[in-house]
Amino acid sequence: MRFYSDSRPAHSAILYLLSLTSVSLAADPDKTTTSTACTASSTSGAFFDLRPDMAIKLNPDGSKPAHSNGAPVVDYKARGYDYGSNFTLNICGAVVEPVEDVIGVDESKWQNVSAYYTSKGDVYSLGLQSGALVSRGKELVLQYTGGSPCGKSKKREEGLQERSSIHDGAAYRDPDYERESDTPTATNALAAKPTETDEVKRRKSATIFFSCDRDPGAGTAQVSFIATDPDECSYVFKVKSQHACAGVEPHKPGSVGPGSVFLIILAIAVLVYLLGGIFYQRTVAHARGWKQLPNYSLWASVWSFICDFFVIATSSCARFLPNRRGYHYVSGSPSGRGRSNRDDENRLIDQYDEEWED
């Protein structure tokens, strides 16, 4: 989307938007990032992980890498509409399809290009690879910098050449007439001569805003081109992805998790209960031995109940245990002596009962 001088409201709005995205990325104290690339956490505790949206290259045999986890294998495309060119980019990584002959970028950095577009056969980079994802309030921002040189100086040069051709084609020009601004003074010469430092500093960049897509049927992320400034230096994109929704940061090895925090609090509470109770029982109640423990009678009854329950459970289970082999209960002697002894005992008992009744 191109903006010209006749569209002043749109021009000022885009300049304001781009100034916020380019300047505040380095000076906003509320932004939060993480040490892991393509992840960010906000001040409210929300965690964002866009690594599943990063396109990856296929293996030489055409198979997906083992760590792909459903990640896309092709670059993202964004239609430029009235800009005149379409855009190709990747999220937090270099583009999958290699690019060559990038305007104004060293050959050693071609493999790090993360966004570009092609115009009249020329490839223009919009920035190099970056995983510095930034969460600023409700906005999730990613920025690529170090692209191809901007076209402002080229346009300015074309405008100067056009004005020069108009003056050269004038009907009458007094050779003795010379404007003060045309005098080749040292100040005018330095102002008119383009410096290399300005050319190096002004390079194309891309700012990507992410929005949450809560559609359960949504597939890969959708990239849209929003606008560019009049100098064609800053480009703004919007990405709609389900991975841009706020989540919970996973537990990191070596850090204290929720379970560990609960156990620490529980241990501190038990320690305070025991030490405080023992101090009170010893100093106020003058208790000694086990009675120094707080609520000794309660814990003693609980321990007694546990012991009784254990005895009942073991005795009940002992009936189901098999008897030892080779042993059996002997009811009497083989000669019948034991049975006769029982009969004598029964007669003696009956005799005692008769005497008691008399």
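For the structure, check the block above.
Reading the values: rules and limits
- Residues numbered from 1 in each chain as written.
- Predicted model: local features only at pLDDT ≥ 70, side-chain atom pairs only at ≥ 80, totals over all residues.
- Heavy atoms only, no water.
- Helix = DSSP H or I, 4+ residues; strand = E, 2+ residues; numbered from the N terminus.
- Buried < 20%, exposed > 50% of the residue type's maximum accessible area, 1.4 Å probe, protein only.
- Contact = heavy atoms within 4.5 Å.
- Areas by Shrake-Rupley, 256 points an atom, 1.4 Å probe, with all protein chains shown as cover.
- Polar contact = N/O pair within 3.5 Å; in protein donor to acceptor, adjacent residues only side chain to side chain.
- Core = buried A, V, L, I, M, F, W, Y, C linked by side-chain atoms within 4.5 Å.
- Disulfide = S-S within 2.5 Å.
- Salt bridge = Lys/Arg side-chain N within 4 Å of Asp/Glu carboxyl O.
- Pairing = 2+ DSSP bridges.
- Axes fitted to C-alpha atoms, helices over the stretch in contact; angles between N-to-C directions.
- Patch = residues over 30% accessible without salt bridge, like charges linked within 9 Å, V, L, I, M, F, W, Y side chains within 5 Å.
- Lys, Arg positive; Asp, Glu negative; His and termini not counted.
- Charge placed at Lys NZ, Arg CZ, Asp CG, Glu CD.

A. How the structure looks around the overall build of the protein. Across its full length, the protein holds seven helices and 11 strands. A burial count over the protein gives 28% of its 358 residues as buried. Of the contacts made within the protein by residues no fewer than 6 positions apart, 57% connect residues no fewer than 24 positions apart. By element, 57% of the accessible surface of the protein is carried by carbon and sulfur atoms, the whole surface being about 25,700 Å².

B. View of unusual backbone geometry. The backbone phi angle of Cys-38 is positive, close to 65°, even though this residue is not glycine. With phi around 55°, Asn-295 is a residue other than glycine that occupies positive phi space. Tracing the backbone through its elements, the reader meets Asn-295 in the loop between helix 5 (258-283) and helix 6 (296-318).

C. Layout of the side chain of Thr-207. In this structure, Thr-207 sits in strand 9 (residues 205-212). On the accessibility criterion, Thr-207 (1% relative accessible area) is buried. One polar contact links Thr-207 to Gln-143, side chain to side chain, over a distance of 3.4 Å.

D. Representation of the nonpolar core. By size, the foremost hydrophobic cluster in this structure holds 30 residues, and its most contacted members are Phe-87, Ile-91, Phe-210 and Phe-237. Of all the secondary structure elements, the ones that give two or more residues to this core are strand 3 (76-78), strand 4 (87-89), strand 5 (113-119), strand 6 (122-128), strand 8 (139-144), strand 9, strand 10 (222-228) and strand 11 (234-241). Apart from residues no more than four positions distant in its own chain, Phe-87 is found in contact with Tyr-76, Lys-77, Ala-78, Gly-80, Tyr-116, Tyr-117, Leu-126, Phe-225, Tyr-235 and Phe-237. Listed in part, the nine residues of the second largest apolar core include Val-95, Trp-110, Tyr-116 and Val-123.

E. Summary view of the state of the cysteines. Taken as a whole and judged by the stated rule, the model has three disulfides. The disulfide bridge from Cys-38 ends at Cys-92, spanning 2.2 Å between sulfur atoms. With the S-S dihedral at roughly 80°, the linkage between Cys-38 and Cys-92 falls on the right-handed side. Pair noted here: Cys-38 is in the loop between helix 1 (8-27) and strand 1 (39-41) and Cys-92 is in the loop between strand 4 and strand 5, with a separation of 54 residues, a long-range link.

F. Structural view of the pattern of salt bridges. A full pass over the atoms with the stated rule returns two salt bridges. Linking Asp-49 and Arg-51 is a salt bridge whose minimum nitrogen-to-oxygen distance equals 2.8 Å. For Asp-49, a relative accessible area of 22% translates into the label partly exposed. With its nearest N and O atoms 3.2 Å apart, the salt bridge here joins Arg-202 to Asp-231. One end of the pair, Arg-202, is in the loop between helix 4 (196-201) and strand 9; the other, Asp-231, is in the loop between strand 10 and strand 11, and 29 residues separate them in sequence. Here Arg-202 falls in the partly exposed class, since its relative accessible area comes to 37%.

G. Region of the structure containing the sheet that holds strand 8. Reading across from one edge, 7-8-9-11-10 is the order of the five strands in this open sheet, with mixed pairing throughout. Either end of the sheet is taken by a strand with one partner, and the two such strands are strand 7 (134-136) and strand 10. Sheet twist, expressed as the average angle between the axes of neighbouring strands with direction ignored, equals 30°. The pairing of strand 9 with strand 11 spans eight bridges and is classified as parallel. From the neighbouring strand, Ser-211 faces strand 11, where its bridge partner is Lys-240.

H. The arrangement of a negative patch on the surface in detail. A surface patch of like charges, here negative, comprises Glu-100, Asp-101, Glu-107 and Asp-122. Residue Glu-100 is classed as exposed on the basis of its relative accessible area of 57%.

I. Layout of the environment of Asn-112. Mapped onto the fold, Asn-112 is located in the loop between strand 4 and strand 5. Overall, Asn-112 belongs to the partly exposed group, its relative accessible area being 28%. As for Asn-112 and Gln-129, which are separated by 17 residues in sequence, their C-alpha atoms are 5.3 Å apart.

J. Structural detail: the sheet that holds strand 6. Strand order in the open sheet formed by four strands is 3-4-5-6, with antiparallel pairing between adjacent strands. Taken across any chain shown, the strands that pair with only one partner, and hence form the sheet edges, are strand 3 and strand 6. On average, each strand axis in the sheet is inclined to that of its neighbour by 25°, with strand direction left out of account. When strand 5 meets strand 6, the two strands line up antiparallel, connected through six bridges. Within strand 6, the position partnered with Thr-118 by the bridge is Val-123.

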